[in-house]
Amino acid sequence: MELASQYDMVYASVGVHPHDAATVTDEAMSELKALAKENKVVAIGEVGLDYYRNLSPREEQITAFKKFIHLARDINKPLIVHSRDARDDALDILRRENKNGVKVAMHCFAGTEDLLKECLDMGLYVSFTGSLTFKNAGDLREAAKVMRPERLFLETDAPFLAPQELRGKRNEPAYLTYLVDEWSKILGLSKEDIARITTHNANSFFGLELGEKSKIAYEIRDSLYLNITNRCTNKCDFCVRTQTAFVKGHNLRLEKEPSVDEILKAVGDPRKYKEIVFCGYGEPTARLDIVKAVAKWVKGHGSRVRLVTNGHAVLINGRSIVKELVGLVDRVSVSLNAENETQYNKICKPEFGPKAYSHVIDFIRDCAANGIEAEATCLDLPGIDVKKCESIAKGLGAKFRSRSFGVVG
């Protein structure tokens, strides 16, 4: 805490490791509660259960763990959990004691794919150390492929667990770059993506109040995405808009809709990217004239253009627009989302009512018929017949891509 008060970039957490659970007396808890209320203390932890070494009796570990969960809840600060060889007890206690409670991060994850999925399904954040880079960590790297970037933390566990290339040396924060490299390979994202996403996760989780300005143009992998409106004609149950303004660490909540000049300035040189994609926090065809003007400029620089849309363009603009996109848009990705009108209306709640689904179908068909590469997408949601959606897409002359729930960008 003294270091945290001296340096802007340093923050503290307070707690007692399960090895020392016997020291968690009422007096100690009173002192820790006072410390935890300090501004630069951003979490309670690491606390939890360690059945590997069993340096404290399990009953005392469990009692102390519950006390810290209650403390975190009482002062509304997140919890950093240590769990080693204690999977069932740790998760069961969190379910019982932290109902509708504070955010939780599982520290130093080294478990199975099933455990990782269980943690994610519970809404937990998961933190990985340099052990992910070890030569013998093939199973852990394989399990890590199901990780949702939006819940990912990187840590050192310093002075231990230095990355493979530095084994035997004292670990330190600078070595997180090796983890960034590893996660870039595992998730198929750029190093910049991993760094930005995990910085945002920490900012959100710990309440660090780092400035994260809204973006008009934002990079993911080797593409540049354009966020030109926050308006949308669907109110989908699964939409990221219902949960957060952030996609892959980018803030997409616009203060105002940008002009053509503002968009072009944000793009810079479009030739740097694989493609320029109209896909933000709303439906791009709500600003069709802007899409056409920017796309014309991008095509004039020899770059590819993709439009991600809900397929409501005809209803939004009062006319068929596909021929207007020919020569400006190389590819469209249309959110089909369901195999029939009933399911579509149920999960997407279009403002245009029952007629919306047939217009989505027609839009996909018209794009394909006019030489625009068309792709229909849907989420693997319960109750959705993904195979039927694929069949519909192919029947319309389009490609098909299934998307995973919770994975955006």
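Shown above is the structure to which this text applies.
This is a predicted model, so every value here is computed, not measured. (Residues numbered from 1 in each chain as written. Predicted model: local features only at pLDDT ≥ 70, side-chain atom pairs only at ≥ 80, totals over all residues. Heavy atoms only, no water.)

Trainee: What should I look at first to understand the sheet that holds strand 14 (residues 373–379) in this one?
Mentor: Paired through backbone hydrogen bonds, the strands of a sheet run either parallel or antiparallel to each other. In space, the 7 strands of this open sheet follow the order 7-8-11-12-13-14-15, with mixed pairing throughout. Strands at the two margins of the open sheet, each flanked by one partner only, are strand 7 (217–220) and strand 15 (399–403). Here the average twist between neighbouring strands, direction ignored, is 25 degrees. Here 5 bridges tie strand 14 to strand 15, and the two strands are oriented parallel to one another. If you follow Leu379 over to strand 15, its bridge partner there is Arg403. Strand contacts of helix 9 (residues 260–267): strand 7, strand 8 (223–226) and strand 11 (276–278), with the helix running at about 160 degrees to strand 8, the strand carrying the most contacts. Helix-sheet contacts for helix 10 (residues 288–300) involve strand 8, strand 11 and strand 12 (305–309), and the interaxial angle to strand 11 is about 175 degrees. (Pairing = 2+ DSSP bridges. Helix = DSSP H or I, 4+ residues; strand = E, 2+ residues; numbered from the N terminus. Axes fitted to C-alpha atoms, helices over the stretch in contact; angles between N-to-C directions. Contact = heavy atoms within 4.5 Å.)

Trainee: Where do I start with helix 9 in this structure?
Mentor: Because the α-helix completes a turn every 3.6 residues, residues three or four places apart line up on one side. Among the residues making up helix 9, those that are buried are Ile263, Leu264 and Val267. What you see down the axis of helix 9 is that its buried residues fit within an arc of 95 degrees, all on one side. Facing away from the buried side of helix 9 by over 90 degrees, the exposed positions are Asp261 and Lys265. Of the surrounding secondary structure, the elements contacted by the buried residues of helix 9 are strand 7, strand 8, strand 11 and helix 10. Positive phi appears at Gly268, one or two residues downstream of helix 9, with a value of about 75 degrees. (Buried < 20%, exposed > 50% of the residue type's maximum accessible area, 1.4 Å probe, protein only. Arc of directions from axis to C-beta.)

Trainee: Would you mind showing me how to read the sheet that holds strand 1 (residues 12–14) here?
Mentor: Taken in spatial order, the 6 strands line up as 1-2-3-4-5-6 in an open sheet, and their pairing is parallel. Both edges of this open sheet fall to strand 1 and strand 6 (152–154), since each of them pairs with a single strand only. In this sheet, neighbouring strand axes are inclined to one another by 30 degrees on average, regardless of whether the strands run parallel or antiparallel. As defined by bridge partners, strand 3 (residues 79–84) adjoins strand 4 (residues 104–106) across 3 bridges and the pair is classed as parallel. Paired with Leu79 across the two strands is Val104, which belongs to strand 4. Together, strand 2 (41–50), strand 3 and strand 4 form the strand contacts of helix 4 (residues 87–97), whose direction differs from that of strand 3 by roughly 155 degrees. Contacts from helix 8 (residues 191–206) reach strand 2, strand 3, strand 4, strand 5 (125–128) and strand 6, with the element oriented near 100 degrees to strand 6.

Trainee: Hey, could you run me through the layout of surface pockets in this one?
Mentor: The method is simple in principle: a probe with the dimensions of a water molecule rolls over the atoms, and the space it marks as empty is what remains. One number sums up the size of the second largest pocket: a volume of about 1,100 Å³. Lining the second largest pocket are 28 residues, and of these Leu154, Glu155, Thr156, Leu176 and Phe206 lie nearest its centre. Tallying contributions element by element places helix 8 first for the lining of the second largest pocket, with 5 residues. Of the residues that constitute the lining of the second largest pocket, the class distribution is 17 nonpolar, 8 polar and 3 charged. (1 Å grid on protein atoms, 1.4 Å probe; cavity = no way out; pocket = protein on both sides within 12 Å on 5 of 7 lines; lining within 4 Å. Points joined across faces, edges and corners; volume = space filled by probe spheres on them. Nonpolar A, V, L, I, M, F, W, Y, C, P; charged D, E, K, R; others polar.)

Trainee: Sorry, what's going on with the side chain of Arg287 here?
Mentor: Note that Arg287 resides in the loop between strand 11 and helix 10. Overall, the relative accessible area of 13% leaves Arg287 in the buried class. At 2.7 Å, the side chain of Arg287 and the backbone oxygen of Pro258 are in polar contact. Other than its neighbours up to four places away in sequence, Arg287 contacts Ile228, Thr229, Arg231, Glu257 and Pro258. (Polar contact = N/O pair within 3.5 Å; in protein donor to acceptor, adjacent residues only side chain to side chain.)

Trainee: Would you take a moment to explain the packing of helix 3 (residues 58–75) against helix 4 for this structure?
Mentor: Two measures define how a pair of helices packs: the angle their axes make with one another and the distance between the axes. Interaxial distance between helix 3 and helix 4 falls to 11 Å at its minimum, and their mutual angle equals 40 degrees. It follows that helix 3 is oblique to helix 4 by the angle criterion. In the packing of helix 3 onto helix 4, the handedness of the crossing is right-handed. Of the residues in helix 4, those touching helix 3 at Ile62, Phe65, Lys66, Ile69, His70 and Arg73 are Asp89, Ala90, Ile93, Leu94, Arg96 and Glu97. Taken together, the residues that form the contact of helix 3 with helix 4 break down as 6 nonpolar, 1 polar and 5 charged. (Parallel < 35°, antiparallel > 145°, perpendicular 65-115°, else oblique. Left-handed = near helix turned anticlockwise from the far one by under 90°.)

Trainee: Sorry, what's going on with the environment of Glu60 here?
Mentor: Relative to the assigned elements, Glu60 resides in helix 3. In this structure Glu60 comes out as partly exposed when scored by relative accessible area, which is 35%. In this structure, the C-alpha to C-alpha distance between Glu60 and Ala21, residues 39 residues apart in sequence, is 5.9 Å. Leaving out residues up to four positions away in the same chain, Glu60 has contacts with Ala21 and Ala22.

Trainee: Help me understand a nonpolar patch on the surface, please; the structure alone is not making it clear to me.
Mentor: Together, Leu3, Tyr7 and Met9 make up a nonpolar patch on the protein surface, roughly 360 Å² of accessible area in all. Within the fold, Leu3 resides in helix 1 (residues 2–6). Of the residues examined, Leu3 reaches a relative accessible area of 55% and is grouped as exposed. (Patch = residues over 30% accessible without salt bridge, like charges linked within 9 Å, V, L, I, M, F, W, Y side chains within 5 Å. Areas by Shrake-Rupley, 256 points an atom, 1.4 Å probe, with all protein chains shown as cover. Salt bridge = Lys/Arg side-chain N within 4 Å of Asp/Glu carboxyl O.)

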